[in-house]
Amino acid sequence: MAGASVRDIRLDLFRGLALWFIFLDHIPTNIASWLTVRNYGFSDATEIFVFISGYTAVIAYSRMMAQEGWTRSAARIYRRVWQLYVAHILLFVAFSAQIAWVSIARDTPALIEEMELLGLGQNPYRAILEAALLKFRPVNLDVLPLYIVLLAAFPLVLPAVVRWPFVVLAVSLGLYAATCHLNWNLPAYPEEKVWFFNPLAWQVVFHLGAVCAVLGPKLAWLDRFRTPLTVLAVAFILFAAFISLSWHYNPLERLVPHWVGRVIYPIDKTNIDTLRILHFLAVAWLVRLAVPIDAPGLRWPVWRPLRRCGEASLLIFCLGTFLALSGQVIVSYYEETILSQIVVSIAGIAIMCLAAYIAAWSRSGGSGTSSRRPAVVEAYK
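Scoring rules and cut-offs
- Residues numbered from 1 in each chain as written.
- Predicted model: local features only at pLDDT ≥ 70, side-chain atom pairs only at ≥ 80, totals over all residues.
- Heavy atoms only, no water.
- Helix = DSSP H or I, 4+ residues; strand = E, 2+ residues; numbered from the N terminus.
- Rg over C-alpha atoms; globule rule 2.2 N^0.38 Å.
- Buried < 20%, exposed > 50% of the residue type's maximum accessible area, 1.4 Å probe, protein only.
- Contact = heavy atoms within 4.5 Å.
- Areas by Shrake-Rupley, 256 points an atom, 1.4 Å probe, with all protein chains shown as cover.
- Lys, Arg positive; Asp, Glu negative; His and termini not counted.
- Charge placed at Lys NZ, Arg CZ, Asp CG, Glu CD.
- Core = buried A, V, L, I, M, F, W, Y, C linked by side-chain atoms within 4.5 Å.
- Salt bridge = Lys/Arg side-chain N within 4 Å of Asp/Glu carboxyl O.
- pLDDT = per-residue confidence, 0-100.
- 1 Å grid on protein atoms, 1.4 Å probe; cavity = no way out; pocket = protein on both sides within 12 Å on 5 of 7 lines; lining within 4 Å.
- Points joined across faces, edges and corners; volume = space filled by probe spheres on them.
- Nonpolar A, V, L, I, M, F, W, Y, C, P; charged D, E, K, R; others polar.
- Patch = residues over 30% accessible without salt bridge, like charges linked within 9 Å, V, L, I, M, F, W, Y side chains within 5 Å.
- Phe/Tyr/Trp six-rings, centres within 6.5 Å; stacked < 30°, edge-to-face > 60°.
- Polar contact = N/O pair within 3.5 Å; in protein donor to acceptor, adjacent residues only side chain to side chain.

**Student:** Can you walk me through the overall build of the protein chain in this structure?
**Tutor:** Within the protein chain one finds 17 helices and zero strands. Since a compact globule built from 381 residues should have a radius of gyration of about 21 Å, the 21 Å found for the protein chain is in line with a globular shape. Counting only C-alpha atoms, the protein chain reaches 60 × 55 × 45 Å along its principal axes. For the protein chain, buried positions account for 50% of its 381 residues. Of the contacts formed within the protein chain by residues at least 6 apart in sequence, a portion of 77% connects residues at least 24 apart. Entry remark: accessible area of the protein chain is about 19100 Å², with carbon and sulfur atoms responsible for 69%. A gap of 13 Å separates the mean positions of the 31 positive and 23 negative side-chain charges of the protein chain.

So, in structure tokens, the structure goes:
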């Protein structure tokens, strides 16, 4: 049930894991990124984050809509959108300042071009305006604008998805198909650019999460097909892993038939290729079977740092994005040695966990235990 008050701690755990993965993947040539899902399939941590965002949006706001009406829930959604927008602008300023400082201090002007910040120097007034409109973004600052757009449209979707989830899913798939066929996207800055994460396409992952949250236990009817679905999921994941590893190892690449490459390439991330969606769904199906909601291992203390990071997702995402650039600079300074990559990765995750624990302590009023909140919406931030 979408409005259930019982918190599914799997959401916090896997959202925290996605945030760790995003941090590790944003450090170029990072050996620790081989621990993430990116190198073993078509999808990566972005799909996890967007899917869970759609899932938790329904959990958070559907109960409020039922109790206090649509207007109240829409107002709360737009308050959250404003928080996300402010966080993105602050992150943009801090991130740009960090790039400028490193570029000046180390006399590496190429870093500004590499991080796609040239527009800020060439036409600063226009760039500031476009940044405020979410059209001008440095590298790695694309996820929050995507989430802002998806959540800003969610008040219109919420009443429909609660009542007619399959209709919403059909419309979402239709928009996705039209976007891919007609190459729709939102304009970005400079003029020739478009959004790296196309909201018109990525909305399908967000709404898949929303629909799954509404259907809840009803999805158990899929268990009657558990064996064939599991076989198909495993087969597809193995195929995706083989193709993905072939991008890094030439001997494997030579084993991929040419006709396979002609069929599957390019595997587009901007418009989220169908293969990426299928891979994510296959992984999600196996995770659902392996980690049920009442799995006792979910509450093991070893997973608590992940859960804490998932609970403070906005803070940890912003911090992780900032730390990833710092890690890139440090690794580059030490000539990309494996030791520097490992140390930077561990230190970054440790800082993220510390920030998450401080945030949890602050929310609890300094008592060290989580305070009870008046609404589920507050729990899924």
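Moving on, there is more to tell.
**Student:** What's the story with the nonpolar core in this structure? I'm lost.
**Tutor:** What tends to happen in soluble globular proteins is that the nonpolar side chains get buried as a cluster. Ranked by internal contacts, the top residues of the largest apolar core, which has 96 residues, are Phe 23, Leu 151, Phe 154, Val 161, Phe 206, Ile 316 and Phe 317. The greatest single-element share of this core, amounting to 13 residues, is contributed by helix 2 (residues 45-68). Not counting chain neighbours up to four residues away, the residues in contact with Leu 151 comprise Ala 57, Ile 77, Arg 80, Val 81, Leu 84 and Phe 206. Counting 13 residues, the second-largest nonpolar core is a separate cluster that includes Phe 236, Ile 243, Ile 264 and Ile 267.

**Student:** In this structure, what is going on with the pattern of salt bridges? I would like to understand it.
**Tutor:** Using the criterion set out here, one finds 16 salt bridges in the structure. One salt bridge in this structure joins Glu 47 and Arg 276, with 2.7 Å as the shortest N-O distance. You can see Glu 47 sitting in helix 2 and its partner Arg 276 sitting in helix 13 (residues 274-290), a full 229 residues away along the chain. Look at Arg 276 and you get buried, because its relative accessible area is 6%. Bridged by salt links that share partners, the residues Asp 44, Glu 47, Lys 269 and Arg 276 form one connected network.

**Student:** I keep staring at unusual backbone geometry and nothing clicks. Help me out?
**Tutor:** What is expected of a backbone is that most residues other than glycine have negative phi and most peptide bonds are trans. A cis geometry characterises the amide bond from Tyr 189 onward to Pro 190, with omega recorded as 0°. Residue position: Pro 190 is located in the loop between helix 8 (165-182) and helix 9 (199-215). Residue Pro 266 is reached from Tyr 265 by a cis peptide bond, and omega for that bond is -5°. At Asp 107, a position not held by glycine, the phi torsion is positive, near 55°. In this structure Asp 107 comes out as exposed when scored by relative accessible area, which is 65%. Of note, the phi angle at Asn 140 is positive, near 75°, even though the residue is not glycine. Structurally, the position occupied by Asn 140 is in the loop between helix 6 (124-132) and helix 7 (143-163).

**Student:** When you look at the confidence of the model for the protein chain in this model, what are you seeing that I'm missing?
**Tutor:** Predicted coordinates in areas of low pLDDT are best not read in detail. For the protein chain, the mean per-residue pLDDT works out to 92, and 94% of the residues sit at or above 70. Long-range and interchain partners of residues 371-381, a stretch whose pLDDT sits below 50, account for 31 contacts in this model, where long-range means more than four residues apart.

**Student:** Would you mind showing me how to read the layout of surface pockets here?
**Tutor:** The gaps left among the atoms become clear once a water-sized probe is rolled over them. Space inside the second largest pocket adds up to approximately 800 Å³. Along the walls of the second largest pocket sit 39 residues, with Val 139, Asn 140, Asp 142, Phe 196 and Phe 197 positioned nearest its centre. When contributions to the lining of the second largest pocket are tallied by element, the ones reaching two or more residues are helix 1 (9-25), helix 2 and helix 5 (118-122). When residues in the lining of the second largest pocket are grouped by element, the largest group, three residues, is from helix 5. Partitioned by chemical class, the residues of the lining of the second largest pocket number 19 nonpolar, eight polar and twelve charged.

**Student:** Explain a nonpolar patch on the surface to me, please; I cannot follow it from the model alone.
**Tutor:** A cluster of nonpolar side chains, contributed by Ile 31, Ile 338, Ile 342 and Ile 346, occupies part of the molecular surface with about 350 Å² of accessible area. Mapped onto the fold, Ile 346 is located in helix 16 (residues 338-363). A relative accessible area of 58% places Ile 346 in the exposed class.

**Student:** What is the right way to read the packing of aromatic side chains from this model?
**Tutor:** Evaluation of the coordinates by the stated rule reveals 18 aromatic pairs. Ring centres of Phe 136 and Tyr 189 lie 5.6 Å apart, and the angle between their planes is 85°; on these two criteria the pair is classed as edge-to-face. In this pair, Phe 136 is assigned in the loop between helix 6 and helix 7 and Tyr 189 in the loop between helix 8 and helix 9, connecting sequence segments 53 residues apart. For Tyr 189, a relative accessible area of 10% translates into the label buried. On the basis of an interplanar angle of 90° and a centroid distance of 6.0 Å, the ring pair of Trp 221 and Phe 225 is categorised as edge-to-face.

**Student:** What should I look at first to understand the side chain of Ser 340 in this one?
**Tutor:** Among the secondary structure elements, Ser 340 is positioned in helix 16. Here Ser 340 falls in the buried class, since its relative accessible area comes to 8%. Within the structure, the side chain of Ser 340 is placed 2.7 Å from the backbone oxygen of Thr 337, a separation counted as a polar contact.

**Student:** Can you walk me through the environment of Asp 142 in this structure?
**Tutor:** Relative to the helices and strands, Asp 142 is located in the loop between helix 6 and helix 7. A relative accessible area of 13% places Asp 142 in the buried class. Between the C-alpha atom of Asp 142 and that of Cys 353, which follows or precedes it by 211 residues, the distance is 23 Å. Setting aside its immediate chain neighbours within four residues, Asp 142 contacts Arg 137, Phe 196 and Phe 197. Among the polar contacts made by the side chain of Asp 142, one reaches the side chain of Arg 137 at a distance of 2.9 Å.

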